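Structural characterization, general
Below, each chain spelled out in residue letters.
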Protein chains: 2
Amino acid sequence: MTDFESALHAWRMVLGVSNVINAEAGLQEIERATFSTEQHVLAVIRPADTREVQECLRIAAKYGVPLYPVSTGKNWGYGSRVPVETDSVVLDLGRLNRIVDFDEELAYVTVEPGVTFQQLYEYLQARGSNLMMSVTGSTPYSSVLANVLERGLGHGSYGNRVEYACHFEVVLPGGELINTGFGRYRDARTKNVSRWGLGPALDGLFSQSNLGIVTRMTVWLRPAPKYMQVCKFLLGDDTGLPDLMQALQKLKLEELVNSPISLFNDYKLLAMQQRFPGEEVGENYSLLPGVLDKIKQSKSIARWNGMLTLYASSKKHGLVLQELVVEAMQGLVEVMLFQDETTSWIYEGRTGRLVIEKPSASRGFKKSPLYGVPFEEDLATLYWRKQESVKPEQGPDFNPDKDGCGLIWCHEQVPFTGKDVAEAVRIIDETIRGWNFEPVTSLRCMSGRSVNVLAAIIFDRAVAGEDRQARKCHTELVQKLVEAGYFPSRLDITTMKQLSAGDKNYVKLIKTLKTALDPQMTLAPGRYDFQQDWPE
Amino acid sequence: MTDFESALHAWRMVLGVSNVINAEAGLQEIERATFSTEQHVLAVIRPADTREVQECLRIAAKYGVPLYPVSTGKNWGYGSRVPVETDSVVLDLGRLNRIVDFDEELAYVTVEPGVTFQQLYEYLQARGSNLMMSVTGSTPYSSVLANVLERGLGHGSYGNRVEYACHFEVVLPGGELINTGFGRYRDARTKNVSRWGLGPALDGLFSQSNLGIVTRMTVWLRPAPKYMQVCKFLLGDDTGLPDLMQALQKLKLEELVNSPISLFNDYKLLAMQQRFPGEEVGENYSLLPGVLDKIKQSKSIARWNGMLTLYASSKKHGLVLQELVVEAMQGLVEVMLFQDETTSWIYEGRTGRLVIEKPSASRGFKKSPLYGVPFEEDLATLYWRKQESVKPEQGPDFNPDKDGCGLIWCHEQVPFTGKDVAEAVRIIDETIRGWNFEPVTSLRCMSGRSVNVLAAIIFDRAVAGEDRQARKCHTELVQKLVEAGYFPSRLDITTMKQLSAGDKNYVKLIKTLKTALDPQMTLAPGRYDFQQDWPE
């Protein structure tokens, strides 16, 4: 037997035959992402619990077979379930889908990797909980835990998820189990309520990393606000963007708006509502001048479509916040629309004058991601460049990998200044248009100091050549942004192997850590370890 | 030459003779803490910059001489400048005292270890900055950077300091220099505004740790609030504490109060105002029944003396917050006093009724730690048990080590429930009283999920036997709290060598990391590495 065959045999002994899959049919599907990949998957193994994960890792280390963990495998636009290195075995954590602890008073929940946003939502609903989770913009059937580890962004005031989680249970590459924070003290009552514990804080080591598999994590929940308002605001062109960003930065630094402030560009909003209007394109498959403007006008879409949420403790409190936000944005936007459960207010942007206040019939107001309710509206963007005839499945079967949707995320972090954000937007627009794709861009203001700028390169994998064009576009975009000082804060599996790690001592340290914890290099080699730059 | 002599020689070559001190006279002082220690210091070396720190570490590793870094050395109650292990050389980072970067718009400053709170305050004042730092309750002449690394607590909404810092420049034990976060990319414009960077997050490894020396750090600053109110509230006895804590937890979880809510017990407030009334003590050096009550009454000190700050964007905003806070605490406290720059409001606690609203003559309102102004009032507590004749020096010369002040901190983290906080307080009171000291306790509510409970064991090192009694008291207190599930979140150098690390796999991991980064074990051995539990 080869080492791989021995490993397969050992895994079958531990997991049972049905949980070790190496039939070719099943694996072609798992080798598909929303962009071109060449990695070959040797097998998929499906442990049922933490103990089995430990065994899987011990066997992988013993036989030197690389294991690549996925939780629910919906990492679309970053690589889906495809391993960074070819000839890996995918470790599917989907069967670890238990909610193992919950505390209404201290507002947390402890989850395994397979627990989805939808599952957590239903769990909270079933208990009549007053707590809400930070909802994802991706599918409700993705993993809560994995999104924290990948430093994904959510809605609501816990949107910067990685700062609202603690007590990781981690299986190290050799199979040993550790708990971070106070979790290492079995009887500590603060396990799930403190991010720091005592001594070196290790959580950071296991996010965007290949140093261990997190099999449990405590995620913090926020009480539903006693009162909420949503504010939408519109900006007609890029000229006013720098000044508006400056004003928004002040709102964040002042702690007046605790939840993220988001701005979506015209294409982003359009792609949520319709497919690419293929019949109206000109040469090079790009929209004819004027076509975009005409569609935007018909749908009341502006160049920048902003949204922020005011969580308040009473209506009176919310109205004061409204007043302060109006004051902050006055003169910088075209229009501001505020809405609570019963009323809407429209302000003229230039003067900050209230023009309409009227009862609003938003019966579904509390069925919003801002109240912790999962939603799927964002997902339509994945089909932007697909033919109308390709209809996405709904719910858990939604599968852009299978449907040939093309998506590569370019997720950058930019200092929260008007100048920096405008410059990043300019580079994105110019580069993506240059490759005849549409810049589908979101500005997510998570803190008062930096903005997460997310550009989606969306294409149709069924069109010959688009895979190649899209990757070239992405590579050029990352390079141009990096040259301007704007670095990615999350990577797709292809860029992981291309981007420089930066300083050579940092690479040496990463190598030292990886080698110390995973001498066989069997856990997700290539994942955020910058091996391409390793010394020797 | 012995290895130590060779090392001394090499350090002299790099630092100059005057920066390598091994005269006995100077070292006795550095061997003194606010509690009994037996560690012997071999020498003190004083590098001038990062490059020299690198050289110092290389020499230490070469000759196997343990180095123990201190920044300004004011870690009172935790061990001052005394190394965890005897026969160490103290690496004094005080000469690295430059403010190397500052950005008013993005609200950060980059500091070296020797930069003090006072220095940073003066720096901001000199520039007419609108930014304020989170002030320490310890001396203004302590290190900003070291307080972050030790996870110290501050005032204002950035009080949980370690969550408001990024971009560490770190010298590893072998002398290599790394930068955390985006700092490893020399040209990244987000270096100082993002805590996560790309790939594994390493900052946590270097706080409460001996894995590297942080020689630079970016610390975030908050814009001064446009409007502020301080709220003081009083609680007469322990009966109402659980209900009050529940109400305060909700205020924090609701994000209505972003800054810490603090409650100080009677002894804490008393110790800030006067010395222990020695002439009125009974047997066992404890206060006679009734004496404490009499003094408290004369000074308007309650059993629990609470304080919170409302940072607002306008007066109207602040008044709404006041209303909500009154509503939340109504029926749970005796009295609430709110104050802004011009007015004070007094509410009856039981009914929440406003009884007095009057102009207040607080001309010094903005000269408050809540506006980022350093203060020294807390420091008087260190002299609580000293004779009146021992007068502390003022300013940078304030020196409780020299004056024989006795202090051991017991810094615990407790879940933010009424039951847990009350139980921790009960254990603290019972234990500390049992050893004839006074429980000097602060409850610092930094988040909505856990409370930092700080009990100070204060004594007079000049009184024979007190060193021993205080240590026994501390050991018993930590043990009892741990048995109840309340673990320390910061340790003094003696407890570092006694407390169990918890789980054995965790210890193995810490050993693996330490061994990989510091094979010679020369950097601060014993510091938060739980060597007492290491395998083999």
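If you're wondering where the values come from, they're calculated on a predicted model, not measured in any experiment.

Definitions and limits used
Residues numbered from 1 in each chain as written. Chains lettered and ligands numbered in written order. Predicted model: local features only at pLDDT ≥ 70, side-chain atom pairs only at ≥ 80, totals over all residues. Heavy atoms only, no water. Helix = DSSP H or I, 4+ residues; strand = E, 2+ residues; numbered from the N terminus. Rg over C-alpha atoms; globule rule 2.2 N^0.38 Å. Buried < 20%, exposed > 50% of the residue type's maximum accessible area, 1.4 Å probe, protein only. Contact = heavy atoms within 4.5 Å. Areas by Shrake-Rupley, 256 points an atom, 1.4 Å probe, with all protein chains shown as cover. Lys, Arg positive; Asp, Glu negative; His and termini not counted. Charge placed at Lys NZ, Arg CZ, Asp CG, Glu CD. Least-squares fit on C-alpha atoms with pLDDT ≥ 70 in both. Phe/Tyr/Trp six-rings, centres within 6.5 Å; stacked < 30°, edge-to-face > 60°. Lys NZ or Arg CZ within 6 Å of the ring centre and 35° of its normal. Axes fitted to C-alpha atoms, helices over the stretch in contact; angles between N-to-C directions. Parallel < 35°, antiparallel > 145°, perpendicular 65-115°, else oblique. Left-handed = near helix turned anticlockwise from the far one by under 90°. Nonpolar A, V, L, I, M, F, W, Y, C, P; charged D, E, K, R; others polar. Buried area = accessible area lost by both parts, 1.4 Å probe. Salt bridge = Lys/Arg side-chain N within 4 Å of Asp/Glu carboxyl O. Polar contact = N/O pair within 3.5 Å; in protein donor to acceptor, adjacent residues only side chain to side chain. Pairing = 2+ DSSP bridges.

Counting its secondary structure elements, chain A contains 12 helices and 21 strands. Radius of gyration (C-alpha) of chain A: 24 Å, near the 24 Å computed for a compact globule of 536 residues. Counting only C-alpha atoms, chain A reaches 75 × 60 × 45 Å along its principal axes. The buried share of chain A, taken over its 536 residues, is 64%. Sequence-distant contacts in chain A: of pairs separated by 6 or more residues, those separated by 24 or more amount to 70%. Accessible surface for chain A amounts to roughly 19,000 Å². Of this, 49% is attributable to carbon and sulfur atoms. The averaged location of the 66 negative side-chain charges in chain A is 3 Å from the averaged location of its 59 positive side-chain charges.

Take the relation of the copies chain B and chain A next. For the pair chain B and chain A, the superposition axis carries a translation of 0.0 Å, the fit reaches an RMSD of 0.0 Å, and the rotation angle comes to 180 degrees. Such a turn and shift between the copies fits a two-fold axis.

With that settled, the discussion passes to the packing of aromatic side chains. Within this structure, the stated rule accounts for 22 aromatic pairs over all chains. Ring geometry for A:Tyr383 versus A:Phe398: centroids 5.6 Å apart, planes at 65 degrees, classification edge-to-face. On the criterion of sequence distance, the pair formed by A:Tyr383 in the loop between strand E17 (354–359) and strand E18 (405–415) and A:Phe398 in the loop between E17 and E18 is long-range, its members being 15 residues apart. Among the residues examined, A:Tyr383 registers a relative accessible area of 1% and is labelled buried. The class of A:Phe398 is buried, set by a relative accessible area of 6%. Judged by centre distance (4.2 Å) and plane angle (5 degrees), the rings of B:Tyr158 and B:Tyr164 are stacked. In this structure B:Tyr164 comes out as partly exposed when scored by relative accessible area, which is 24%. Through pairs of rings, three or more aromatic residues link up here, namely A:Trp76, A:Tyr383 and A:Phe398. We note A:Arg184 situated over the ring of B:Tyr506; from NZ or CZ to the ring centre the distance is 3.9 Å. Across the ring face of B:Tyr123, the terminal group of B:Arg127 is positioned such that the distance to the ring centre comes to 3.6 Å.

Okay, the packing of helix H7 (residues 266–273) of chain B against helix H8 (residues 291–299) of chain B next. Residues and elements named next belong to chain B. Two elements in contact, H7 and H8, have axes whose closest approach is 11 Å; the angle formed by their N-to-C orientations is 65 degrees. By the angle between their directions, the pair H7 and H8 is classed as roughly perpendicular. Helix-helix and strand crossings are classified by hand; for H7 and H8 the assignment is left-handed. Together, Asp266, Tyr267, Leu270 and Gln273 of H7 and Leu292, Ile295, Lys296 and Lys299 of H8 make up the contact between the two elements. Looking at the contact of H7 with H8, its residues break down into 4 nonpolar, 1 polar and 3 charged.

Here the focus is the interface of chain B and chain A. Facing the 87 residues of chain B at the interface are 87 residues of chain A. Summed over both partners, the interface of chain B with chain A comes to about 7,800 Å²; 59% of that surface belongs to carbon and sulfur atoms. A per-residue breakdown of the area chain B buries against chain A is headed by B:Arg184, B:Trp196 and B:Arg449, which together make up 10% of the total. Remark: the boundary between chain B and chain A carries 12 salt bridges. For A:Glu323, the salt bridge is made with B:Lys316, and the minimal N-O distance between the two is 2.6 Å. Where chain B packs against chain A, one counts 56 residue pairs in polar contact (both at pLDDT 80 or more). Put simply, the parts of the chain that give the side of chain B that touches chain A at least two residues each are strand E9 (177–179), strand E11 (222–223), helix H6 (241–253), helix H9 (315–329), strand E18 (405–415), strand E21 (487–490) and helix H12 (504–517) of chain B. In terms of residue count, H12(B) provides more of the side of chain B that touches chain A than any other element does, 9 residues in total.

Right, let's get into the pairing of strand E12 (residues 227–235) of chain B. Residue and element names in this part refer to chain B. With respect to burial, E12 is a largely interior element, 7 of its 9 residues being buried. In the sheet, E12 pairs with strand E14 (residues 304–312) via 9 bridges, with the strands oriented antiparallel. Note that in E14 the partner of Leu235 across the bridge is Trp304. By the bridge criterion, 5 bridges tie E12 to strand E15 (residues 335–339) in an arrangement that is antiparallel. Each bridged residue has a counterpart across the sheet, and for Leu234 the counterpart in E15 is Val335.

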